[in-house]
Amino acid sequence: MKFRNPLLVVSNLEQSKSFYSKVLGLHVTVNFGQNVTLTGGICLQTKKSWLEIIEHPEEELYFGGKNTELYFEEDNFDQFIEMLEDLPEIQYVHPVKEHPWGQRVVRFYDPDMNIIEVGENMKIVCQRFLSQGLTIEQVAKRMDVPEQYIKSYCY
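We now turn to the structure provided with this report. Remember, predicted model here, so these are calculated numbers, not experimental data.

1. Comments concerning the packing of helix α4 (residues 122-131) against helix α5 (residues 136-143)
Part 1 of the reasoning: It is the contact of α4 with α5, at a shortest axis distance of 9 Å, that shows an interaxial angle of 130 degrees. Taken together, the axes of α4 and α5 are oblique relative to one another. Of the two possible hands of crossing, α4 and α5 adopt the one that is right-handed. Together, Met 122, Val 125, Cys 126, Phe 129 and Leu 130 of α4 and Ile 136, Val 139, Arg 142 and Met 143 of α5 make up the contact between the two elements.
Part 2 of the reasoning: Classifying every residue of the contact of α4 with α5 by side-chain character gives 8 nonpolar, no polar and 1 charged.

2. Some points on the environment of Gln 127
Part 1 of the reasoning: With respect to the helices, strands and loops of the structure, Gln 127 is situated in helix α4.
Part 2 of the reasoning: On the accessibility criterion, Gln 127 (35% relative accessible area) is partly exposed.
Part 3 of the reasoning: Each C-alpha atom of the pair Gln 127 and Leu 7 lies 34 Å from the other, and the pair is 120 residues apart in sequence.

3. Focus: the packing of aromatic side chains
Part 1 of the reasoning: Enumeration according to the criterion identifies 4 aromatic pairs in this entry.
Part 2 of the reasoning: Their ring planes at 80 degrees and their centres at 5.2 Å tell us that Phe 19 and Tyr 20 sit as a pair that is edge-to-face.
Part 3 of the reasoning: A relative accessible area of 9% means that Phe 19 is categorised as buried.
Part 4 of the reasoning: The ring of Phe 129 has Arg 128 lying over it, and the distance from NZ or CZ to the ring centre is 5.1 Å.

4. Digging into the sheet that holds strand β4 (residues 43-46)
Part 1 of the reasoning: Taken in spatial order, the 4 strands line up as β1-β4-β3-β2 in an open sheet, and their pairing is mixed. Both outer strands of the open sheet, β1 (7-10) and β2 (28-31), are each paired with one neighbouring strand and no more. The sheet shows a mean angle of 25 degrees between the axes of neighbouring strands, direction not considered.
Part 2 of the reasoning: Here 3 bridges tie strand β3 (residues 35-38) to β4, and the two strands are oriented antiparallel to one another. Bridge pairing in β4 places Val 36 opposite Leu 44.
Part 3 of the reasoning: Seen against the sheet, helix α1 (residues 13-24) touches β1, β2, β3 and β4 and runs at an angle of roughly 160 degrees to β4.
Part 4 of the reasoning: Across the sheet, helix α2 (residues 47-54) lies against β1 and β4, angled at about 85 degrees from β4, the strand it touches most.

5. Digging into the side chain of His 94
Part 1 of the reasoning: Tracing the backbone shows His 94 in strand β6 (residues 92-98).
Part 2 of the reasoning: With a relative accessible area of 15%, His 94 lands in the buried category.
Part 3 of the reasoning: A distance of 2.9 Å separates polar atoms of two side chains, one belonging to His 94 and the other to Arg 107.
Part 4 of the reasoning: In this view, His 94 contacts Val 105, Val 106 and Arg 107; residues no more than four positions away in its chain are not counted.

Rules and cut-offs
Residues numbered from 1 in each chain as written. Predicted model: local features only at pLDDT ≥ 70, side-chain atom pairs only at ≥ 80, totals over all residues. Heavy atoms only, no water. Axes fitted to C-alpha atoms, helices over the stretch in contact; angles between N-to-C directions. Helix = DSSP H or I, 4+ residues; strand = E, 2+ residues; numbered from the N terminus. Parallel < 35°, antiparallel > 145°, perpendicular 65-115°, else oblique. Left-handed = near helix turned anticlockwise from the far one by under 90°. Contact = heavy atoms within 4.5 Å. Nonpolar A, V, L, I, M, F, W, Y, C, P; charged D, E, K, R; others polar. Buried < 20%, exposed > 50% of the residue type's maximum accessible area, 1.4 Å probe, protein only. Phe/Tyr/Trp six-rings, centres within 6.5 Å; stacked < 30°, edge-to-face > 60°. Lys NZ or Arg CZ within 6 Å of the ring centre and 35° of its normal. Pairing = 2+ DSSP bridges. Polar contact = N/O pair within 3.5 Å; in protein donor to acceptor, adjacent residues only side chain to side chain.

Shown next, in the form of structure tokens:
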């Protein structure tokens, strides 16, 4: 068995395609009309067609459950945050914060209240700590990962 794609049900396909393109730089790679695949493999399915597929009534479908997210990493995190701040339509789960392992992240909602997380690329987090003069051993301890992770991932 092979996992293929995550699928998000959306209330307005055109609005969602625009959001994912404008905010995250994703574009349609396959278009089946009521279902599209975006770069990275994320699929968007119209609410109407999804309800037909699963044969359930509309009242059983709700958005904004806050129990899943799509996770992205960004090499130019500060530049991404500046771009995000210029978009008044963005609704934040929380502003930028730094996790205990040193990665800076921001979480916000897509148009259907799915949570999107954009984090600083972990390789860049490693490199930031190393450039501050920390040893591989200290970076591994700071990030709570094995030293081998730092050696293989950050070089």
